[in-house]
Amino acid sequence: MIGGIFPVFHKEIGSIYTFESEPPGVKCEGFDLRAFRWTQVMIFAIEEINKDHTLLPNITLGYRILNSCASPTNTLRAALTLASGQEENNSTLLCSPAISALIAESGSSQSLAVAGIFGPFQVPVVSYFSTCACLSNRVKYPTFFRTIPSDYFQAKALAALVKRFGWQWIGTIQSDNDYGRNGILAFTEEVKKLGICIAFVGTVLRTYTVDKILNVVEMIKQSTVKVILAFVPEGDIYPLMKEVVKQNITGIQWIGSEAWITATRPSTPEIYQAFGGALGFVMQKMAIPTLKPFLTNINPNTDLSAAFVRTFWEIMVGCKPDLHSENTGTDVANDMCKGNETLLYSQDAFFNVTQLRVSYNVYKAVYAIAHALHELVFCQPAGGEAVRQCLNISEIQSKQVTAQLQRVRFQNKFGDLVFFDENGNPPASYDIINWQLRDGQVRHVTLGNFASSANGDYKLSIREEEIVWRTGKLVPSSVCSIVCPVGTRKAQIKGKPLCCFDCIPCADGTIANSTGAADCTPCPQEYWSSDRKDECIPKSVEYLTYHEPMGIAITAVSLLGALLSLATVMVFVQYRKTPVIKASNSELSCFLLFSLFLCFLCPLTFIGRPTVWTCMLRHTAFGVTFALCISCVLGKTIVVVTAFKATIPGNKVAGRFGPAQQRLIVCSCTLIQIVICILWLKLNPPFPDMDFRYSNRKIVLECNTGSEAAFYAVLGYIGILAIICLGLAFLARKLPDNYNEAKFITFSMLIFCAVWITFIPAYVSSPGKFTAAVETFAILSSAFGLLMCIFAPKCYIILIKPEKNTKKHVMAKKIQQQNVTS
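My aim in this report is to walk through the structure given alongside it, one point at a time. Quantities reported herein were computed from a predicted structural model and do not represent experimental measurements.

Relative to the elements of secondary structure, phenylalanine 153 occurs in helix α4 (residues 151-164). Setting aside residues no more than four positions away along its own chain, phenylalanine 153 makes contact with Ala428, Tyr430, Phe450 and Tyr458.

Our next topic: the packing of aromatic side chains. Between two aromatic rings, the relevant description is the distance of the centres plus the angle of the planes. Evaluated as defined, the whole model comprises 35 aromatic pairs. For the pair tryptophan 38 and phenylalanine 129, a centre-to-centre distance of 5.6 Å together with 75 degrees between the ring planes defines the contact as edge-to-face. Here the residue tryptophan 38 occupies a position in helix α1 (residues 33-50), and phenylalanine 129 occupies one in the loop between β6 (125-127) and β7 (144-146), the gap between them amounting to 91 residues. Residue phenylalanine 129 is classed as buried on the basis of its relative accessible area of 6%. Measuring from ring centre to ring centre gives 5.8 Å for tyrosine 360 and phenylalanine 414, while their planes differ by 80 degrees; the resulting arrangement is edge-to-face. Taken together, the residues tyrosine 360 in helix α11 (residues 358-378) and phenylalanine 414 in the loop between β13 (409-411) and β14 (417-419) connect sequence positions 54 residues apart. Residue classification places tyrosine 360 among the buried positions, given a relative accessible area of 2%. Judged by its relative accessible area of 23%, phenylalanine 414 is partly exposed. The ring of phenylalanine 145 is capped by arginine 138, whose NZ or CZ atom sits 4.9 Å from the centre of that ring.

This part takes up the layout of surface pockets. By volume, the second largest pocket is sized at about 960 Å³. If you trace the second largest pocket, you find 31 residues lining it, with Thr262, Ala263, Thr264, Ala349 and His444 closest to the centre. Those elements giving two or more residues to the lining of the second largest pocket turn out to be α1, α11 and β16 (441-452). In terms of residue count, the dominant contributor to the lining of the second largest pocket is β16 (five residues). For the lining of the second largest pocket, the per-class residue count stands at 11 nonpolar, 11 polar and nine charged.

This part takes up the sheet that holds β16. Working definition: the strands of a sheet are paired by backbone hydrogen bonds and lie parallel or antiparallel to each other. The eight strands lie next to each other as β9-β8-β10-β11-β12-β15-β16-β17, forming an open sheet whose pairing is mixed. Every other strand in the sheet has two partners, leaving β9 (197-204) and β17 (458-462) as the edge strands with one partner each. The average angle at which neighbouring strand axes cross in this sheet is 25 degrees, direction not considered. Helix α6 (residues 210-222) contacts β8 (169-175), β9, β10 (227-231) and β11 (253-256) of the sheet and is inclined by roughly 160 degrees relative to β9.

Read from one edge to the other, the open sheet built from five strands follows the order β4-β1-β5-β6-β7, with strand pairing classed as parallel. Bordering the open sheet on either side are β4 (63-67) and β7, each of which pairs with just one other strand. Recorded for the sheet is a direction-independent mean angle of 25 degrees between the axes of neighbouring strands. In this sheet, strand β5 (residues 101-103) lies alongside strand β1 (residues 2-6) in parallel orientation, the contact comprising three bridges.

Side chains of Tyr575, Tyr796, Leu799 and Ile800 sit close together on the surface and give an oily, nonpolar patch of about 390 Å² of accessible area. Since its relative accessible area comes to 31%, tyrosine 575 is described here as partly exposed.

Relative to the helices and strands, threonine 705 is located in the loop between β26 (698-704) and α19 (708-731). A relative accessible area of 4% places threonine 705 in the buried class.

So, about the state of the cysteines. For the structure shown, the criterion picks out 10 disulfides. You can see cysteine 632 has no disulfide; the closest cysteine sulfur is in cysteine 629, sitting 6.8 Å from it. Here cysteine 632 falls in the buried class, since its relative accessible area comes to 0%.

Looking now at the pairing of β10. Side-chain positions along a regular strand alternate between the two faces of the sheet. Among the five residues that make up β10, five are buried, leaving the element largely enclosed by the rest of the structure. Relative to β10, β8 runs parallel, the two sharing five bridges. Within β10, the position partnered with isoleucine 170 by the bridge is valine 227. As judged from the four bridges shared by β10 and β11, these two strands associate in the parallel manner. Opposite isoleucine 228, over in β11, you have tryptophan 254 as the bridge partner. Crossover connection from β10 via helix α7 (residues 234-246) to parallel β11: handedness right-handed.

With respect to burial, β26 is a largely interior element, five of its seven residues being buried. When strand β24 (residues 540-542) meets β26, the two strands line up parallel, connected through three bridges. Its bridge partner lying in β26, glutamate 542 is registered against valine 700. Direction of pairing for strand β25 (residues 687-691) relative to β26: antiparallel, over a ladder of five bridges. Bridge pairing in β26 places phenylalanine 687 opposite asparagine 704. Linking β25 back to β26 in an antiparallel pair, the connection comprises six residues.

Moving on to unusual backbone geometry. In this model, alanine 104 is joined to glutamate 105 through a cis peptide bond whose omega is -5 degrees. Unusually for a residue other than glycine, asparagine 58 sits at a positive phi of about 65 degrees. Along the chain, the position of asparagine 58 falls in the loop between α1 and β4. In this model, glutamine 122 sits at a positive phi of 60 degrees, which is unusual for a non-glycine residue. With respect to the helices, strands and loops of the structure, glutamine 122 is situated in the loop between α3 (108-118) and β6.

Rules of the game
- Residues numbered from 1 in each chain as written.
- Predicted model: local features only at pLDDT ≥ 70, side-chain atom pairs only at ≥ 80, totals over all residues.
- Heavy atoms only, no water.
- Helix = DSSP H or I, 4+ residues; strand = E, 2+ residues; numbered from the N terminus.
- Contact = heavy atoms within 4.5 Å.
- Phe/Tyr/Trp six-rings, centres within 6.5 Å; stacked < 30°, edge-to-face > 60°.
- Buried < 20%, exposed > 50% of the residue type's maximum accessible area, 1.4 Å probe, protein only.
- Lys NZ or Arg CZ within 6 Å of the ring centre and 35° of its normal.
- 1 Å grid on protein atoms, 1.4 Å probe; cavity = no way out; pocket = protein on both sides within 12 Å on 5 of 7 lines; lining within 4 Å.
- Points joined across faces, edges and corners; volume = space filled by probe spheres on them.
- Nonpolar A, V, L, I, M, F, W, Y, C, P; charged D, E, K, R; others polar.
- Pairing = 2+ DSSP bridges.
- Axes fitted to C-alpha atoms, helices over the stretch in contact; angles between N-to-C directions.
- Patch = residues over 30% accessible without salt bridge, like charges linked within 9 Å, V, L, I, M, F, W, Y side chains within 5 Å.
- Areas by Shrake-Rupley, 256 points an atom, 1.4 Å probe, with all protein chains shown as cover.
- Salt bridge = Lys/Arg side-chain N within 4 Å of Asp/Glu carboxyl O.
- Disulfide = S-S within 2.5 Å.
- Right-handed = clockwise from strand over helix to strand, strands pointing away.

Written as structure tokens, this is what we have:
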């Protein structure tokens with residue numbers, strides 16, 4: 001005996017219990033043709049097995065089918081009735097045999113109730129339409145099997161579909177039961193892995209009031225989503241569908257679960273107005289040609305006790321069957337059938353057996369139980385030659401049927417392999433359904449499939465070009481925020497899902513060269529971001545060049561100073577025998593002019609792209625030439641001072657400070673600087689470097705001093721020579737010569753020291769190429785100060801006032817001083 005529970009009526013009529021009398025029986029309404037066909041498929045399969053001589057030969061399978069009213073409570077009541085062998089209503093059988101297995105139920109909540117009760121008693125339950133992944137829990141439901149894939153796989157399929165079309169912002173509708181809640185939970189877990197967000201979760205149920213349905217409709221209207229998944233059974237979503245159509249809510253792409261996407265009741269042109277183009281997954285369809293004659297032969301006059309047939313007949317034929325035992329012939333005579341009605345030529349979708357899905361699951365469930373019973377009774381699979389019972393059918397226990405169902409594996413006459421995995425689930429495979437309107441009728445068009453691949457993964461195949469979209473020919477878009485363009489990044493909006501974000505422009509120096517970037521990528525140090533922040537472009541290179549105004553000015557001034565130095569040398573050579581030249585120590589003057597000539601050329605090494613050689617040359621040449629220059633000035637200062645001392649009677653200092661000593665001072669002072677520079681170049685020489693500190697968009701090419709200590713040692717040594725020279729010149733500033741050279745040396749040293757004292761802070765604070773410009777300015781200023789202060793007066797006398805270029809004029813003040821003394 002096989003039991004069956006089906007929701008032939010999909011709604012229970014509520015009753016008020018007064019507790020004053022025996023409660024009335026359960027009453028239901030809303031006859032479901034789809035569920036009624038499931039019952040007929042079960043009967044058809046059992047009769048087909050009973051006629052098969054290879055499957056359970058000489059054994060007749062019986063069945064008992066009860067209605068659940070789509071209610072967990074009524075389902076449990078029916079299941080206990082079948083398990084105990086007692087009918088709810090009066091029956092001619094005083095004690096019906098208990099069932100070996102139960103085929104139930106369509107709703108997951110109903111199956112949960114039955115599986116939870118039957119599990120401890122080891123009674124197998126095979127569902128044909130319950131998909132909740134929670135039923136795969138073998139600890140809670142050890143005897144539950146099903147011929148429809150679990151929602152675990154359907155959730156993967158739905159997530160793959162959403163990902164395929166790039167939908168990031170999804171609304172969901174769930175039924176207020178285990179099927180809906182667990183289905184949406186599984187779907188949410190899958191889409192979270194893909195970065196897809198759930199905008200809202202609406203809840204519906206067939207017993208909900210209109211106000212609750214309207215709340216869900218308002219939620220849909222207020223949301224910005226364009227794609228909604230409804231994980232709801234047919235009976236629960238139908239009230240919502242009618243309200244959506246009534247309020248003319250269009251432009252939404254609906255995705256349906258297998259529970260309603262191919263249901264007949266909502267598949268009408270009226271509902272299509274809002275739900276046209278809906279997509280969903282269903283079990284693969286199958287055609288059972290021999291089923292149609294069985295269905296068309298249904299007739300209440302054939303079997304007066306056949307359950308639900310009378311109601312079915314009234315719906316299909318439009319009249320009540322003439323059951324003589326029940327009618328007296330007076331009332332509703334006009335609605336009575338004449339007896340010649342037939343279903344053979346009916347074109348109703350009920351008789352279409354070419355696209356069976358849930359019905360085929362019922363068919364497989366019956367055959368799975370039959371094969372399990374066959375292997376128990378005959379100890380071998382069906383189809384064997386020698387058929388001999390190894391177990392008395394009366395000795396079969398339900399736990400044996402459960403164990404055998406777990407191991408059953410056979411190929412049915414349609415070529416499908418039927419088996420259950422360790423959790424009682426069949427192999428997962430779905431067809432993709434699209435709602436299309438053809439010839440005024442809603443058609444469920446198959447456009448692809450979702451099935452496991454050879455490596456264990458799942459593959460989605462779909463013919464996109466054949467899809468009819470509710471919004472037109474283009475794939476609808478559903479995003480909370482538009483994808484961020486290049487040059488911007490996502491910025492999460494507080495309190496909103498990850499899919500809702502603002503697009504923030506990348507900061508300077510960072511880029512986003514792809515749309516939808518989560519973060520901006522920093523550019524390499526030598527690059528900077530473009531204005532659009534979509535690519536890194538090389539930074540402009542900056543250094544002091546000969547072509548810019550500053551470089552031209554420095555070059556011109558430098559060459560002018562060098563030419564003036566050469567011109568002065570020529571004047572000194574031309575007038576070397578004149579008193580002014582003789583009085584100014586011509587040898588030291590020529591050395592000084594030569595060093596000034598080199599000093600004026602030093603700034604040229606600061607212009608142009610820095611190289612290893614120019615970096616080493618610019619600092620060392622500057623240090624050595626200025627050391628030579630100041631050494632010459634020091635020599636001239638000592639000569640002036642010793643000359644003054646020589647005028648004092650008995651002082652012989654001047655005789656001991658002749659040309660040889662002068663050369664020695666110049667060479668020794670210069671040699672010390674050369675030694676410092678050699679050590680600098682040997683230990684840590686200057687080198688070309690790139691400075692990124694002063695500008696984000698520019699690379700400043702400069703010469704790194706290498707050793708700051710060595711650089712300031714060179715400057716410090718020049719400063720020491722200058723201070724000594726200034727001190728000696730200051731002491732000799734009142735010499736009694738008409739032409740007092742010590743005064744000019746004092747002025748030149750004051751200028752020199754002032755320039756280089758202000759140079760240090762200016763050098764440190766100057767950015768980029770202006771650092772080199774400051775140094776060249778200091779070099780040229782100090783060099784011009786020496787040239788002008790020391791040599792301009794002499795050239796003025798020689799060239800402009802030649803009458804003063806006489807020994808008498810030069811010695812005039814000296815003679816005058818001597819007369820005053822005497």
